[in-house]
Amino acid sequence: MTTLEYRKKLKGVIPAIIVPLDREGQIDFELLKKQAGYLSSSGVNGFFVNGSTGEGSWLSTDEKTKVYQIVREIKGKEQFICAACIQPSTEMVLREIDIFAPLEPDFIVSVTPYYYGVSQDDILWHFKEIAGKSPVPVIAYHIPQNTHNDMSLTTILELTKIDNIAGIKDSSGNFVKFSRACLHEVPNRFSWIQGEDYLDAASLNIGADGMVTGLGNVWIEPYVEMYRSAQSSDFKKVFQMQRKINDLYEIIQITGIKVIPSIKAAVSLLCRSHKWMKMSSQTLNTQEVNLVKEVLNSLNLVN
């Protein structure tokens, strides 16, 4: 494979899979298999492993590799797998890539450097170093609300010129910047992936290649139907599915924007996870879980 001939195209519905944890913070591998099986059998295009929804920044590298191996075991033959190496420095990302490389991911994912503020030149250097040394294509993950290092439009467009960068996952929520970037002419190998659930339909409408979703861990079917409808240019159905996703998003709104705890609580109510967070104090309390259950009830997802 050359850098311009990727094994698989980065596109479609890509769930950022949660990691079920018990009360002590240990991975429940049986529930992880169950959750991966649900997503795989529902027709997703790939998996985003150890990202934000998967609490990747709080998992050890050993835990990350075990999660990755389970998902790789369960995923379908045609479903690709993205291994997120969420580390604050370029050197640490490269070390983790060396560990994942023998496990043969289809894509490596990296955020910008974080904790310390960096310049746009630093961000470009960071991704060029990673792309130059990664044995598989790289996805640039833009989530400035977590890294506190935003990427400018100019920087994003410069990334499209780097051969071994397959695309960008934009979780910034800045649709103006995303749409401006997406409408530029870029190499066909580069993919625009939306990471904010509220913006999926609008992104597909302007030509985005797909979406990464954490919320889809709860109910992935509307996302799959949305993407397939977009492929057939049935945008009436695309927007119908977006309304369903917006309704599902109420599990997050109703808890005061406790994003990952709400998702895990919802999946626990569907018996494919526990509600526990790696940082256990973040786990939803009983009252909050009941609020989440009310939303799921309204959508006929639980009894």
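The preceding data block contains the structure.
Remember, predicted model here, so these are calculated numbers, not experimental data.

S.K.: Now, about the packing of helix α3 (residues 90-100) against helix α4 (residues 120-133): what can you tell me, with residues and values included?
M.R.: The N-to-C vectors of α3 and α4 enclose an angle of 20 degrees; their axes lie 10 Å apart at closest approach. Judged by the angle between their axes, α3 and α4 are roughly parallel. Read as a crossing pair, α3 and α4 show a hand that is right-handed. Residue-level contacts link T90, V93, L94 and I97 of α3 to W125, H126, E129, I130 and K133 of α4. Broken down by class, the residue content of the contact of α3 with α4 amounts to 5 nonpolar, 2 polar and 2 charged.

S.K.: Now, about the packing of helix α1 (residues 29-41) against helix α2 (residues 61-74): what can you tell me, with residues and values included?
M.R.: Contact pair α1 / α2: the axes reach a minimum separation of 9 Å and the direction vectors enclose 45 degrees. What the angle tells us is that α1 and α2 run oblique. Relative to α2, the crossing made by α1 is right-handed. Residues F29, L32, K33, A36, G37 and S40 of α1 touch α2, and the partners they reach there are K66, V67, I70, E73 and I74.

S.K.: So, unusual backbone geometry: which residues are in play, and what are the values?
M.R.: Apart from glycine, the bulk of residues carry a negative phi angle, and the bulk of peptide bonds sit in the trans form. Positioned with a positive phi, S233 is a non-glycine residue whose angle comes to about 60 degrees. Within the secondary structure, S233 sits in the loop between α9 (221-231) and α10 (235-248). Of note in the backbone geometry, N300 takes a positive phi value of approximately 60 degrees without being a glycine. You can see N300 is positioned in the segment after α13 (286-298). Relative accessible area serves as the criterion here: at 69%, N300 is assigned to the exposed category.

S.K.: How would you summarise the state of the cysteines if you had to cite specific residues and measurements?
M.R.: Under the counting rule described, the total for this entry stands at 0 disulfides. Not part of a disulfide, C182 finds its nearest cysteine sulfur in C82, a span of 18 Å. By relative accessible area, which is 8% here, C182 ends up buried.

S.K.: Could you give me a rundown of the layout of surface pockets, with the residues and numbers involved?
M.R.: Of the volumes computed, that of the largest pocket is approximately 800 Å³. Forming the walls of the largest pocket are 32 residues, and the residues nearest its centre are S52, T53, I143, N146 and I260. Elements represented by at least two residues in the lining of the largest pocket include exactly α5 (144-147), β8 (210-213) and α12 (259-269). Ranked by residues supplied to the lining of the largest pocket, first place goes to α12 with 4 residues. Residues of the lining of the largest pocket, tallied by class, amount to 16 nonpolar, 12 polar and 4 charged.

S.K.: Which residues make up the side chain of S134, and what are the values?
M.R.: In this fold, S134 is placed in the loop between α4 and β5 (138-142). Ignoring any residue separated from it by four or fewer positions in sequence, one finds S134 in contact with I97, I108 and N164.

S.K.: Any chance you could break down α4 for me, citing the residues and the numbers?
M.R.: Between its terminal C-alpha atoms α4 stretches 20 Å, which fits the 20 Å expected from 14 residues at 1.5 Å a residue. Among the residues of α4, I123, L124, H126, F127, I130 and A131 are the ones counted as buried. Viewed along the axis of α4, the buried residues span an arc of 155 degrees, placing them on a single side of the element. Turned more than 90 degrees away from the buried face of α4 sit D121, G132 and K133, all of them exposed.

S.K.: Give me the pairing of strand β6 (residues 165-170): which residues, what numbers.
M.R.: Burial within β6 is extensive, with 6 of its 6 residues counted as buried. Here β5 pairs with β6 via 5 bridges, running parallel. When the sheet's bridge partners are listed, H142 is paired in β6 with D170. Sheet topology note: the β6/strand β7 (residues 191-194) ladder contains 4 bridges and is parallel.

S.K.: An account of the side chain of S179 is needed here, citing residue identities and associated values.
M.R.: Structurally, S179 can be placed in helix α7 (residues 175-182). Within the structure, S179 has its side chain in polar contact with the backbone oxygen of V176 (distance 3.1 Å).

S.K.: Account for the sheet that holds strand β3 (residues 80-84), naming residues and giving values.
M.R.: Taken in spatial order, the 8 strands of this open sheet run β1-β8-β7-β6-β5-β4-β3-β2, and their pairing is parallel. Where the open sheet ends on each side, the last strands, each with one partner, are β1 (12-15) and β2 (46-49). Across this sheet, the average inter-strand angle for adjacent strands is 25 degrees, counted without regard to direction. Across 4 bridges, the pairing between β2 and β3 is parallel.

Cut-off values and rules
Residues numbered from 1 in each chain as written. Predicted model: local features only at pLDDT ≥ 70, side-chain atom pairs only at ≥ 80, totals over all residues. Heavy atoms only, no water. Axes fitted to C-alpha atoms, helices over the stretch in contact; angles between N-to-C directions. Helix = DSSP H or I, 4+ residues; strand = E, 2+ residues; numbered from the N terminus. Parallel < 35°, antiparallel > 145°, perpendicular 65-115°, else oblique. Left-handed = near helix turned anticlockwise from the far one by under 90°. Contact = heavy atoms within 4.5 Å. Nonpolar A, V, L, I, M, F, W, Y, C, P; charged D, E, K, R; others polar. Buried < 20%, exposed > 50% of the residue type's maximum accessible area, 1.4 Å probe, protein only. Disulfide = S-S within 2.5 Å. 1 Å grid on protein atoms, 1.4 Å probe; cavity = no way out; pocket = protein on both sides within 12 Å on 5 of 7 lines; lining within 4 Å. Points joined across faces, edges and corners; volume = space filled by probe spheres on them. Expected span 1.5 Å × (residues − 1). Arc of directions from axis to C-beta. Pairing = 2+ DSSP bridges. Polar contact = N/O pair within 3.5 Å; in protein donor to acceptor, adjacent residues only side chain to side chain.

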